[in-house]
Amino acid sequence: IPTAPPGFKSGFVALIGRPNVGKSTLLNALVGQKIAITSPVAQTTRNRLQGILSLPEAQIIWVDTPGIHKPHHRLGEILVHNAQAAMAAVDAILFVVDGSVPAGRGDAFIAERIPAHSPCVIVCNKSDLAPKDAQTRQAHQESYQALRPQAPVVWVSGLDPSSLDPLLRATIDLLPNGPYYYPPDLVTDQPERFIMAELIREQVLLHTREEVPHSVAVNIDQVEETPSLTRILATLSVERDSQKGILIGKRGEMLKQIGQAARLQIQKLILGKVYLELFVKVRPHWRRSERTLGDLGYRA
Ligand code: GDP
Ligand code: K
Ligand code: MG
């Protein structure tokens, strides 16, 4: 790790907000690589995940979190608990909101939980979907500003990396002088295996509906590198036989589609050829069992 030059700024910055406002999409755009999975399903993000951006004048460690909402089961409780713990431990907070709609109760619920003394930027995301007329847009902005009157507001689109400069400048303004925390070429604190498992889970979220997405956990059982390809064996755990049936599909069609799509994503991650084999296993009530949650990597 290099020594930081004089005036170098660094710190940990949490992305906080309702489910689906685009926190994980922003994280990927901010580090320029897909390290977090995204989908229209709430609770896509289950783990605290760090993305590292190293610039000549600053190093920012972005901390992605599950969206904050009222928990309904033990997994949900762990997710919300971890998001709140993340806020207490960072140098600054990005309060990410959906700028295409005005503030709602969910946003107020979160704003109340952001510590009063924490440096904070309000990030109006989805500017590409925001009303074109300036007055309505301004009204949306003011509804969020009212939740945190002193915070600067920036508009961005997580789908457009060229829109992120104002966000970067506002964030660096809030950071203290500090060292490099990670080597400048590192993009995430997570091992490759974790991201592989997530890329598989993302395809489950995108291919299935209703209760299935929330009932799936992915475990990478084996990664074997041969000269010509990387061979990966993974298990999908679900809670019920019916969910197993849906995941496998008629004559295995669904599992095949999920596997093919995930394989392409993993090839982009590791920049090499991948052979991926998926297994499905029923673990009744894994979301309620502390031990199974721990086995699968979910811990408060
Ligand atoms: P999270 O739950 O806050 O992490 O949200 P995700 O990053 O998973 O995004 C939720 C959905 O919103 C996904 O379908 C994204 O593709 C979409 N999304 C995120 N950012 C934007 C944006 O700036 N514009 C548009 N149009 N869609 C976005
Ligand atoms: K999501
Ligand atoms: Mg997310």
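Residues numbered from 1 in each chain as written. Chains lettered and ligands numbered in written order. Predicted model: local features only at pLDDT ≥ 70, side-chain atom pairs only at ≥ 80, totals over all residues.

Q: Go over the domain arrangement of the protein, please, and point to the residues and values.
A: What the domain assignment reports for the protein is domain 1 (9–174) and domain 2 (192–295). Computed from C-alpha coordinates alone, the two centres of domain 1 and domain 2 are separated by 28 Å. Tallying the contact residues gives ten residues for domain 1 and twelve residues for domain 2. (Domains from an automatic or database assignment. Contact = placed C-beta atoms within 7 Å.)

Q: How would you summarise helix H3 (residues 105–113) if you had to cite specific residues and measurements?
A: Taken together, the buried positions of H3 are Asp107, Ile110 and Ala111. The arc that holds every buried residue of H3, seen down its axis, measures 100°, which confines them to one face. Within H3, the exposed residues directed more than 90 degrees away from the buried face are Arg105 and Glu112. Residues of H3 that are buried in the fold lie against strand S1 (9–16), strand S4 (92–98) and helix H4 (134–145). (Buried ≥ 20, exposed ≤ 12 C-beta atoms within 10 Å, placed from the backbone. Helix = DSSP H or I, 4+ residues; strand = E, 2+ residues; numbered from the N terminus. Arc of directions from axis to C-beta.)

Q: Break down the UniProt feature "domain: KH type-2" (unreviewed entry) in the protein for me, with residues and values.
A: As recorded in UniProt, the sites labelled "domain: KH type-2" (unreviewed entry) are residues 208–284. Within residues 208–284, the helical portion is 39% and the strand portion 35%, while the C-alpha atoms at the span's ends are 19 Å from each other. (UniProt positions renumbered as here; feature names shortened; annotations may be inferred.)

Q: Please set out the pairing of S1 residue by residue, giving values where relevant.
A: Buried residues dominate S1, accounting for six of its eight residues. Where S1 meets strand S3 (residues 58–64), seven bridges bridge the pair, whose relative direction is parallel. Looking at the pairing, Ser10 lines up with Gln59 of S3. When S1 meets S4, the two strands line up parallel, connected through four bridges. (Pairing = 2+ DSSP bridges.)

Q: Please set out the sheet that holds strand S8 (residues 230–238) residue by residue, giving values where relevant.
A: Strand order in this open sheet of three strands is S7-S8-S9, and the pairing throughout is mixed. Edge strands, defined here as strands with exactly one partner in the open sheet, are strand S7 (217–225) and strand S9 (274–282). Direction aside, the axes of adjacent strands within the sheet are offset by 20° on average. Examined bridge by bridge, S8 and S9 share nine bridges and lie parallel to one another. In the strand pairing of S9, Thr235 is matched with Phe279. In this fold helix H8 (residues 241–248) packs onto S8 and S9, with an angle of close to 155° to the strand it touches most, S9. Against the sheet, helix H9 (residues 253–270) makes contact with S8 and S9, and its axis sits at roughly 135° relative to S9, the strand it touches most. (Axes fitted to C-alpha atoms, helices over the stretch in contact; angles between N-to-C directions.)

Q: Could you give an account of the sheet that holds S1, with specific residues and numbers?
A: The sheet built from six strands is open, its strands ordered S2-S3-S1-S4-S5-S6 with mixed pairing. Each edge of the open sheet is held by one strand with a lone partner, namely strand S2 (49–54) and strand S6 (153–155). Each neighbouring strand pair of the sheet contributes to a mean axis angle of 25°, computed without reference to strand direction. Taken strand by strand, H4 contacts S4, strand S5 (120–125) and S6, and its axis lies near 150° from that of S5.

Q: So what's going on with unusual backbone geometry? Which residues, and what values?
A: At Asn20, a residue that is not glycine, the phi angle is positive and equals roughly 75°. Summarising the element assignment, Asn20 is placed in the loop between S1 and helix H1 (23–31). One non-glycine residue with positive phi stands out, namely His285, at about 55°. Mapped onto the secondary structure, His285 falls in the loop between S9 and helix H10 (290–295). Residue class for His285 comes out exposed when judged on the 12 C-beta atoms lying within 10 Å of it.

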